[in-house]
Amino acid sequence: MPNDRVRAVVEDLERTLVELIRKHRVSHDEYRAATDLIIAEVKAGEESLLFDVFFEAAATDVGNEGREGSIEAIEGPFYLPGAPWLDGPPRVLPQRIGEPGIPMVFHGQVTTEKGMPLGGAELDLWHADASGQYSQIHPGIPEWNLRGRFCSDDEGRFEVRTIAPPPYEIPKDGPTGTVLNALGRHFFRPAHLHVKVRHEYFGERTSQLYFTGGEYLDSDVANAVRDELVITAELVEDSQAALRYGLDQPFIDARYDFAFAPSSEAPGD
Ligand SMILES: [Fe+2]
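Residues numbered from 1 in each chain as written. Predicted model: local features only at pLDDT ≥ 70, side-chain atom pairs only at ≥ 80, totals over all residues. Heavy atoms only, no water.

### Details of a nonpolar patch on the surface
Next, step 1: There is a patch of nonpolar side chains on the surface, built from Ile 38, Val 42, Phe 51 and Phe 55 and spanning about 390 Å² of accessible area.
Next, step 2: Put simply, the parts of the chain that give the nonpolar patch at least two residues each are helix H2 (28-43) and helix H3 (47-64). (Patch = residues over 30% accessible without salt bridge, like charges linked within 9 Å, V, L, I, M, F, W, Y side chains within 5 Å. Areas by Shrake-Rupley, 256 points an atom, 1.4 Å probe, with all protein chains shown as cover. Salt bridge = Lys/Arg side-chain N within 4 Å of Asp/Glu carboxyl O. Helix = DSSP H or I, 4+ residues; strand = E, 2+ residues; numbered from the N terminus.)

Right, dumping it as structure tokens:
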């Protein structure tokens, strides 16, 4: 049975691509190279990577239009559901003994867009290690390393200790890399934390947080940096403050407050 939404979007896509083929006088060999590229992406398991790099941020922007409270961000291809629950305090994201990287404390508060604290919100945090690699995606990293879930307290506050993630290159030896090379683009994403926040009345939001002054903020390969998602990360050298988090060395303090706008099914606040 025809679907009006699919027809509207796909027929527009069809028209756009046909016009593009005529405009650029795309040859049959070039057309076949494009279809071979899609096949190669699937064989390499990179089809999500390819589309995420070029298009996910645009779809996220559409979702953010008119949104009250915190904006959403791209999820990227490396999220895994079912990360372990973390005890605490101090609450520490799963990591190897001597995990490389500068310690980071990520903290903040979850509220409604009007500032009412939201206790019991679930935060699901994941990010790259100091080599720019993700557990269960790249080999040789313990399962669930630098992935974990925890709840906000009664005042909506949360804090977790981890290590500061670095900028990293997306996979560049596969077909997505071939495309980016042909475009003359680099492969870097700026340093970032991925986090999903869930609340029983407010649903789920996907965020991604970057750091002021970080490299590649202006040239992210995924073009996903938005000003509202860039947070301040300060080096704290106060040993008493470090001790509070079970640390004996300086750490980076990073804060972000999540503000949920109620969904249409949510009770009023
Ligand atoms: Fe990432």
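### Structural notes on the packing of H2 against helix H4 (residues 175-183)
Next, step 1: Where H2 meets H4, the closest approach of the two axes is 8 Å, and the angle between their N-to-C directions is 135°. Accordingly, the angle class assigned to the pair H2 and H4 is oblique. Touching Leu 37, Ala 40 and Glu 41 of H2 are Pro 175, Thr 176 and Val 179, all from H4. (Axes fitted to C-alpha atoms, helices over the stretch in contact; angles between N-to-C directions. Parallel < 35°, antiparallel > 145°, perpendicular 65-115°, else oblique. Contact = heavy atoms within 4.5 Å.)

### What about the environment of Ser 152?
Next, step 1: With respect to the helices and strands, the residue Ser 152 is situated in the loop between strand S3 (147-151) and strand S4 (157-163).
Next, step 2: Overall, Ser 152 belongs to the buried group, its relative accessible area being 6%.
Next, step 3: Put simply, Ser 152 and Ala 73 are 79 residues apart on the chain and 20 Å apart in space, counted from C-alpha to C-alpha.
Next, step 4: Setting aside its immediate chain neighbours within four residues, Ser 152 contacts Val 110, Leu 118, Gly 119, Gly 120, Ala 121, Leu 123, Arg 157 and Phe 158. (Buried < 20%, exposed > 50% of the residue type's maximum accessible area, 1.4 Å probe, protein only.)

### Digging into the coordination of the iron ion
Ideal geometry at a metal centre: 109.5 degrees between donors when four sit tetrahedrally, and 90 or 180 degrees when six sit octahedrally.
Next, step 1: Summarising the metal site, the iron ion is bound by the protein donors Tyr 134 (OH), Tyr 168 (OH), His 192 (NE2) and His 194 (NE2), whose distances to it range over 1.9 to 2.1 Å.
Next, step 2: Here the iron ion binds four donor atoms, and the angle range of 92 to 162° at the metal identifies the geometry as irregular.
Next, step 3: Here the donor residues of the iron ion are spaced in sequence according to Y-x33-Y-x23-H-x1-H.
Next, step 4: Overall, His 192 belongs to the buried group, its relative accessible area being 1%.
Next, step 5: By relative accessible area, His 194 is classed as buried at 3%. (Donors = N, O, S within 2.8 Å, 3.2 Å for Na, K, Ca; no water. Tetrahedral: all angles 85-135°; square planar, octahedral: opposite > 155°, others 65-115°.)

### Overview of the nonpolar core
Next, step 1: In terms of nonpolar packing, the biggest core is built from 38 residues, with Phe 106, Val 110, Leu 123, Leu 125, Val 197, Leu 209 and Phe 258 touching the most fellow members.
Next, step 2: In contact with Phe 258, not counting residues within four places along its chain, are Ser 70, Phe 106, Gln 109, Val 110, Thr 111, Leu 123, Phe 158, Val 195, Val 197, Ser 207 and Leu 209. (Core = buried A, V, L, I, M, F, W, Y, C linked by side-chain atoms within 4.5 Å.)

### Here we look at the pattern of salt bridges
Next, step 1: Considering all chains together, one arrives at 17 salt bridges under this definition.
Next, step 2: Salt-bridge contacts for Arg 189 lead to Asp 220; the nearest nitrogen and oxygen are separated by 2.7 Å. Of this pair, Arg 189 sits in strand S6 (residues 188-189) while Asp 220 sits in the loop between strand S8 (203-211) and strand S9 (230-231), and the two are 31 residues apart along the sequence.
Next, step 3: A residue is classified by how much of its surface remains accessible, and Asp 220, at 7% relative accessible area, is buried.
Next, step 4: Where salt bridges share partners, they join Glu 75, Glu 122, Asp 124, Arg 149, Lys 196, Arg 198 and Glu 204 into one cluster.

### As for the environment of Gly 69
Next, step 1: If you trace the backbone, Gly 69 turns up in the loop between H3 and strand S1 (103-112).
Next, step 2: For the pair Gly 69 and Leu 13, spaced 56 residues apart in the sequence, the C-alpha separation amounts to 32 Å.

### Here we look at the confidence of the model for the chain
Predicted coordinates in regions of low pLDDT should not be interpreted in detail.
Next, step 1: When pLDDT is averaged across the chain, the result is 94; 97% of the residues are at 70 or more.
Next, step 2: The low-confidence segment residues 264-269 (pLDDT under 50) makes eight contacts with residues lying over four places distant or belonging to another chain. (pLDDT = per-residue confidence, 0-100.)

### Some words on the pairing of strand S11 (residues 251-255)
Next, step 1: As judged from the four bridges shared by S1 and S11, these two strands associate in the parallel manner. Residue Val 105 lies in a different strand from S11, and its bridge partner there is Asp 253.
Next, step 2: Direction of pairing for strand S10 (residues 233-236) relative to S11: antiparallel, over a ladder of four bridges. Bridge pairing in S11 links Val 236 to Phe 251. (Pairing = 2+ DSSP bridges.)

### Digging into the sheet that holds S3
Next, step 1: Strands sit in the order S3-S2-S7-S8-S9 across an open sheet of five strands; the sheet is mixed. Bordering the open sheet on either side are S3 and S9, each of which pairs with just one other strand.
Next, step 2: Sheet topology note: the strand S2 (residues 122-126)/strand S7 (residues 193-199) ladder contains five bridges and is antiparallel. Considered in S7, the bridge of Leu 125 is made with Val 195.

### Brief notes about the pairing of S4
Walk down a regular strand and you will see the side chains alternate between the two sheet faces.
Next, step 1: Most of S4 sits inside the fold, with five of its seven residues counted as buried.
Next, step 2: Here S1 pairs with S4 via seven bridges, running antiparallel. Looking across to S4, one finds that His 107 is bridged to Glu 159.

### Here's the deal with empty space enclosed by the protein
Next, step 1: For the coordinates displayed, the defined rule picks out three cavities of 30 Å³ or more.
Next, step 2: The space that makes up the largest cavity amounts to roughly 120 Å³.
Next, step 3: Here the lining of the largest cavity gets three residues from one element, more than from any other, and that element is H3.
Next, step 4: In the lining of the largest cavity, the residues fall into nine nonpolar, two polar and three charged.
Next, step 5: Here the second largest cavity defines a volume of roughly 60 Å³.
Next, step 6: Split by residue class, the lining of the second largest cavity holds five nonpolar, three polar and one charged. (1 Å grid on protein atoms, 1.4 Å probe; cavity = no way out; pocket = protein on both sides within 12 Å on 5 of 7 lines; lining within 4 Å. Points joined across faces, edges and corners; volume = space filled by probe spheres on them. Nonpolar A, V, L, I, M, F, W, Y, C, P; charged D, E, K, R; others polar.)

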